[in-house]
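Structural overview for review
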Amino acid sequence: MQKDTEIRPYTIDIPQAALDDLHERLARTRWPVALPGVGWERGTPVGYLRGLAEYWRTGFDWRAQEERLNAIPQYVTEIDGQDVHFLHVRSPEPGAMPLLISHGWPSTVVEFQKIIGPLTDPRNHGSDPDQAFHLVIPSLPGFGLSPEVATTGWGLPRTVDAYAELMRRLGYGRYGTQGGDIGAGVAGMLAGAAPEAVVGIHMNGPSNFAKPTPGQKFTEREQQRLSSEQDFGEHGSGYFLLQSNQPSTIAVALTDSPVAQLSWIVEKFRAWTDPAKDLPEDAVDRDQLLTNVTLTWFFQGGAGSANFVYESMNGELDWTPPGGEDDQRPEYAGADAQAGPDGQEGATAVPTGPTVPTGVAVFAGDPSVRSLVDTGNVTRWTEFEVGGHFPAMEAPDELVAEIRAFFEGLR
């Protein structure tokens, strides 16, 4: 088999020297002064971060997490000149439905550890074996286990084309898609890139594609979501604007300092998870969060993901940032799909023709409002009172049940 189509088994094997270097850098961190009375309103608090960084250095067991990840079948294949890493977990059930799941920012495939077993092997998780899925979970180019790209141009459209080729290469001619954040964009746009293959799109927490119109009525809960989205645009989108315009500037800090990378990611896990939770580790497992950060550090995903955002915002789609002046919603070339910046990162897309059934799960921390999201294809809309931007980590049982319910009639 030629190298450019070969699917190669992959094992994570971080050299001990790299792990020692991480610990040494953490020990040598030069900390800023912690101002009195300052909390999360100015970003990650210094006092909180110092404690988490010390646990990362002395309490977090990377080798145990590496072993856990290596128990999941992993592969790499070259597509369009770029190595793409992916988890590929086949269900023991012969009639299982193929499902591609994509992560977003600031995340890696680590996000989905808790849902892999229930989705692929429901029989051994107390559920109906007819609800089984074969899972394909790629690492976005430049994020985590997919190596940092060596050329420009790797934004969302090119990634979607690569994922469509990946599914063809794996022999899946009919499959569903699922994702949140950038992954929601992937899930939606794949229906345009492979209209003959995608039978259903499921996304969690998509952006509001439209703006409210004068006199439009909203429920009290919808008004709260819109207020949250507005607050994000005014006070929480600095990271997005920086990555969209000067990714090289932040890439240096994220590549040189593990504490900078930790702070950059942890702030969003505080801001975007279940609003009822006070700290990131109240919403998600602390070791799972640090595994996500550690993979990002070892594979220089801070730089890679920043450049991915830049490419997506300045490439062929020519998006405007959330709350941008014209708030344009351009179409993806090659697909009749409407795309727009996600309420927190990246983009989401819902095809407008040909019609593909679309399911939306809105968790407690999400800004989605149905009348501003549904372009006519949403066949299932479910709201939860728990969770947020990372439901596979925060509310895995709810997300698994929701995915099963949506795809039940599409098998």
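The model shown is predicted, which means the values in this text are computed figures rather than measured ones. (Residues numbered from 1 in each chain as written. Predicted model: local features only at pLDDT ≥ 70, side-chain atom pairs only at ≥ 80, totals over all residues. Heavy atoms only, no water.)

**Focus: the sheet that holds strand β6 (residues 175-180)**
Selection criterion: Strand pairing is assigned whenever DSSP identifies at least 2 bridges connecting the two strands. Helix and strand assignments follow DSSP, with helices taken as H or I runs no shorter than four residues and strands as E runs no shorter than two, numbered in order from the N terminus. Working convention: axes come from line fits to C-alpha atoms, limited for helices to the stretch in contact. Angles between N-to-C directions cover 0 to 180 degrees. We call two residues contacting when some pair of their heavy atoms lies within 4.5 Å.
Taken in spatial order, the nine strands line up as β1-β2-β3-β5-β4-β6-β7-β10-β11 in an open sheet, and their pairing is mixed. Since the sheet does not close on itself, it has two edges, and those belong to β1 (7-9) and β11 (378-383), each with one partner. In this sheet, neighbouring strand axes are inclined to one another by 25° on average, regardless of whether the strands run parallel or antiparallel. One ladder, built from four bridges, connects strand β7 (residues 198-204) with strand β10 (residues 358-362); its direction is parallel. Paired with Asn204 across the strands is Ala361, a residue of β10. Docked against the sheet, helix α4 (residues 113-120) engages β3 (82-89), β4 (97-102) and β5 (133-138), running at close to 155° with respect to β5. Against the sheet, helix α5 (residues 156-169) makes contact with β1, β2 (74-79), β3, β4, β5 and β6, and its axis sits at roughly 115° relative to β2, the strand it touches most.

**Describing the pattern of salt bridges**
Basically, it comes down to this: By definition, a salt bridge exists where a carboxyl oxygen of Asp or Glu is found within 4 Å of a side-chain nitrogen of Lys or Arg.
Across all of its chains, the model carries 13 salt bridges by this definition. Across the pair Glu66 and Arg63 runs a salt bridge whose closest N-O atoms are separated by 2.9 Å. Of this pair, Glu66 and Arg63 both sit in helix α3 (residues 62-70), three residues apart, which is roughly one turn of the helix. Residues Glu383 and Arg225 are paired through a salt bridge, measuring 3.6 Å at the closest nitrogen-oxygen approach.

**Thoughts on the confidence of the model for the chain**
Here is the rule we go by: Each residue carries a pLDDT score, the predictor's confidence in it, ranging from 0 to 100.
On average, residues of the chain score 90 in pLDDT, and 90% of them are at 70 or above. Under a pLDDT of 50 for its full length, residues 318-353 has, in the predicted model, 121 contacts with residues more than four places off or in other chains.

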